[in-house]
Amino acid sequence: KTQMASTNNQSETFAAGQCVFIDVTAESQASLDKGQITITKEADAPGDAVNVKKGPPLFVKAALASLAISILFYVMVFIYLGVSSNQTGYTQNLEIAVVNLDDGIIGKAFVAFARSLQAGNGLPTFNVLSSTSYDDARNRVADAVSWGAVVVQPNAWNNLVAAFQTTDNTFVTSSAIQFIYDESRFPTVVASRVSGPVRALITAFCQNISASIVNKMGSDPSTSASVSAAAVSAPRLLSQPVWFTENNLHPATVQVATFGLTVGMILLVVFTWSSWMATYGMTTPATPPATLEEARALFLARFVVITWITFCISLSFTFIWQALGANFPSAAAWVSFWLVHWLNMVNYGMTFAAATHILTFQKAPAAILFMIIFNGVGAFNELSLANPFYQWGWAMPMAHAVMASRTIIFNGRDQLGINVGALAIWAVFMFFVAFFTVPKPKPADQSSSDASAASS
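Before going further, it helps to examine the overall build of the chain. When helices and strands are tallied, the chain shows 17 helices and eight strands. Once local pairs closer than 6 in sequence are excluded, the contacts in the chain between residues at least 24 apart make up 74%. Only carbon and sulfur atoms are counted for the fraction: they give 62% of the accessible area of the chain, which is about 23100 Å².

Written as structure tokens, this is what we have:
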């Protein structure tokens, strides 16, 4: 029995295999409680000696940990916030197709107006196309080639002239131009960068050309009589002879969607993480696995448990959406929404499993930071409005889960095959990463030695 004095930097060496009892004083007990006494095994030391030495003070460890966390926080948050730091500067990456099907003044005037608009300064790029079909323009928007399309309808000018000549008060002035967009593609981006700005531009164009047409026809002797007659029988022709209609292909009418596809997605990550950590803790056997095969069998059992838990959570998530106003177009859409988020959560679970195997159980919670940050880049931001550095965000699993959700609840562009395929690839990939990173159990004698050291 060896009694150690409580002096600083005490180090005492014992022979290998010697059983050592340390008579702990009150002061050294406090050091033990604070983790300031460590037991180390010297490599290749004569006699395989064991040293008992005092570690660095607790406040030093705390200071170093705080510094490391602060640096990690800075890097991660800088990356995430940087994706949306200059959206105005990248708005020119959003294309608005311009299709002129009118051979008259209105069509030619709008083409000239569109070409005069300079890309940048917060405006999308107006691309004048040679398309000869309204359907071509609509399909470009539906297929996500263009963010919007402005179509000047066939015979817009001739129809307006005919209406003046006949003083037709039933003439629909808004039939001249149609503005097409798809709100379901990214509701907040469409509202702030597409529908709002383009609507304002078309409104200004219609007001200016309407005033110009009325003044020109009123001052022309050949048409002034028609203008005077229209003032009596068709006053609407004089107030706004040229106007436009809007065609929102898939309105984003589900109010819960904004937070459901942002905060809701983060909550799925958090619940998956907590479920995995609970599963890991509850399924840890009293006797650690003795072989790699046993360790992998234990992982497979945990995989079954976390798969069932995420199955139930994703089911609850779908019920919440339905209760808060998400009117799924069909039972198949309801099931698809549920399965998309279940598959996504399985991927999260396997990612946390791999983190647990690589980083150890105590350090694995750090992975939740990376999961939210790197997945949120593509899921919560339109990367067309970001620096090219961030284009990898399209590949992250949460981005595909969000895009699939928009397709289902808004009945938007059908790309479920791509989204579900990407989620399946991620889930399978992370399963194999987790499986092959299961740590190999230490030899029994080494494990016993380590356990004894930890106990001491």
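Further notes follow.
So, on to unusual backbone geometry. The backbone of Asn 155 sits at a positive phi, close to 60°, despite the residue not being glycine. Within the secondary structure, Asn 155 sits in the loop between strand 6 (148-152) and helix 6 (156-166). By relative accessible area, Asn 155 is classed as partly exposed at 42%. In this model, Thr 360 sits at a positive phi of 85°, which is unusual for a non-glycine residue. Look at Thr 360 and you get partly exposed, because its relative accessible area is 38%.

In this section: the confidence of the model for the chain. For the chain, mean pLDDT is 83; residues scoring 70 or higher make up 84% of the total. Every residue in residues 42-49 scores below 50 in pLDDT, and together they form nine contacts with partners more than four places removed in sequence or on other chains.

We now examine the pairing of strand 6. The buried count for strand 6 comes to five of five residues, which makes it a mostly enclosed element. Residues Gly 148, Val 150 and Val 152 point to one face of strand 6 and Ala 149 and Val 151 to the other, with burial holding for every one of them. The sheet contact formed by strand 4 (residues 95-100) and strand 6 spans five bridges and is parallel. By the bridge assignment, Ile 96 is partnered in strand 6 with Gly 148. Bridging between strand 6 and strand 7 (residues 177-181) involves five bridges; their strand directions are antiparallel. Looking across to strand 7, one finds that Val 150 is bridged to Phe 179.

This next bit is on the nonpolar core. Met 265, Phe 299, Trp 321, Phe 328, Phe 352 and Met 398 are the most contacted members of the largest nonpolar core, which has 50 residues in total. Beyond its immediate chain neighbours, meaning those up to four positions away, Met 398 contacts Met 265, Val 269, Asn 344, Tyr 348, Asn 375, Gly 376, Ala 379 and Phe 380.

Right, let's get into the sheet that holds strand 4. Pairing within the open sheet is mixed, and its five strands lie in the order 5-4-6-7-8. Both edges of this open sheet fall to strand 5 (125-129) and strand 8 (244-248), since each of them pairs with a single strand only. Recorded for the sheet is a direction-independent mean angle of 20° between the axes of neighbouring strands. Sheet contacts for helix 4 (residues 105-116): strand 4, strand 5, strand 6 and strand 7; angle to strand 4, the most-contacted strand, approximately 155°. Strands strand 4, strand 5, strand 6, strand 7 and strand 8 of the sheet are contacted by helix 7 (residues 187-219), whose axis makes an angle of about 175° with strand 7.

Helix-helix packing is described using two parameters, namely the angle between the two axes and the distance between the axes. Their axes nearest at 10 Å, the elements helix 13 (residues 331-359) and helix 14 (residues 367-379) cross at an angle of 140°. Judged on the interaxial angle alone, helix 14 and helix 13 are oblique. The chirality of how helix 13 crosses helix 14 is right-handed. For the pair helix 13 and helix 14, the contacting residues are Tyr 348, Thr 351, Phe 352 and Ala 355 in the first and Ala 367, Ile 368, Met 371 and Asn 375 in the second. Per-class residue counts for the contact of helix 13 with helix 14 are six nonpolar, two polar and no charged.

Its place among the elements puts Ser 210 in helix 7. If we skip the residues at most four places from it in the chain, Ser 210 touches Gln 240, Pro 241 and Val 242.

Where helix 11 (residues 263-282) meets helix 14, the closest approach of the two axes is 10 Å, and the angle between their N-to-C directions is 155°. As summarised for this structure, helix 11 and helix 14 are arranged roughly antiparallel, according to the angle between their axes. By crossing handedness, the relation of helix 11 to helix 14 is classed as right-handed. Mapping the contact onto sequence places Ile 266, Val 269, Val 270 and Trp 273 in helix 11 and Ile 368, Met 371 and Ile 372 in helix 14. For the contact of helix 11 with helix 14, a count of residues per class yields seven nonpolar, no polar and no charged.

Once that is clear, we can look at the packing of aromatic side chains. Taken as a whole and assessed by the stated rule, the structure comprises 29 aromatic pairs. For the pair Trp 308 and Phe 311, a centre-to-centre distance of 5.4 Å together with 15° between the ring planes defines the contact as stacked. A residue pair is termed a helical-turn pair when its members lie 3 or 4 positions apart in one helix, as Trp 308 and Phe 311 do in helix 12 (residues 292-323) at three residues. Judged by relative accessible area, which is 55%, Trp 308 ranks as exposed. Aromatic ring contacts, followed pair by pair, group Phe 299, Phe 303, Phe 431, Phe 432, Phe 435 and Phe 436 into a single cluster.

Here we come to the pattern of salt bridges. Counted by the stated rule, this structure contains two salt bridges. Close ionic contact of Glu 95 with Arg 140 constitutes a salt bridge, the shortest N to O distance being 2.6 Å. Here the residue Glu 95 occupies a position in strand 4, and Arg 140 occupies one in helix 5 (residues 134-142), the gap between them amounting to 45 residues. For Glu 95, a relative accessible area of 18% gives the class buried. The class for Arg 140 is partly exposed, based on a relative accessible area of 24%. The salt bridge partner of Arg 199 is Glu 246, with a shortest N-O separation of 2.5 Å. Of this pair, Arg 199 sits in helix 7 while Glu 246 is found in strand 8, placing the two residues 47 residues apart along the sequence.

Taking 1.5 Å of rise per residue, the 20 residues of helix 11 would be expected to cover 28 Å, and the 28 Å separating its terminal C-alpha atoms lies within 8% of that figure. Within helix 11, the full set of buried residues consists of Gly 264, Met 265, Leu 268, Val 269, Thr 272, Ser 275, Trp 276, Met 277, Thr 279 and Tyr 280. Along its buried surface, helix 11 packs onto helix 10 (257-260), helix 12, helix 13, helix 14 and helix 15 (397-410).

The residue Ala 332 is located in helix 13 in this model. For Ala 332 and Ile 408, which are 76 residues apart along the polypeptide, the C-alpha to C-alpha distance reads 9.5 Å.

The rules behind these values
Residues numbered from 1 in each chain as written. Predicted model: local features only at pLDDT ≥ 70, side-chain atom pairs only at ≥ 80, totals over all residues. Heavy atoms only, no water. Helix = DSSP H or I, 4+ residues; strand = E, 2+ residues; numbered from the N terminus. Contact = heavy atoms within 4.5 Å. Areas by Shrake-Rupley, 256 points an atom, 1.4 Å probe, with all protein chains shown as cover. Buried < 20%, exposed > 50% of the residue type's maximum accessible area, 1.4 Å probe, protein only. pLDDT = per-residue confidence, 0-100. Pairing = 2+ DSSP bridges. Core = buried A, V, L, I, M, F, W, Y, C linked by side-chain atoms within 4.5 Å. Axes fitted to C-alpha atoms, helices over the stretch in contact; angles between N-to-C directions. Parallel < 35°, antiparallel > 145°, perpendicular 65-115°, else oblique. Left-handed = near helix turned anticlockwise from the far one by under 90°. Nonpolar A, V, L, I, M, F, W, Y, C, P; charged D, E, K, R; others polar. Phe/Tyr/Trp six-rings, centres within 6.5 Å; stacked < 30°, edge-to-face > 60°. Salt bridge = Lys/Arg side-chain N within 4 Å of Asp/Glu carboxyl O. Expected span 1.5 Å × (residues − 1).

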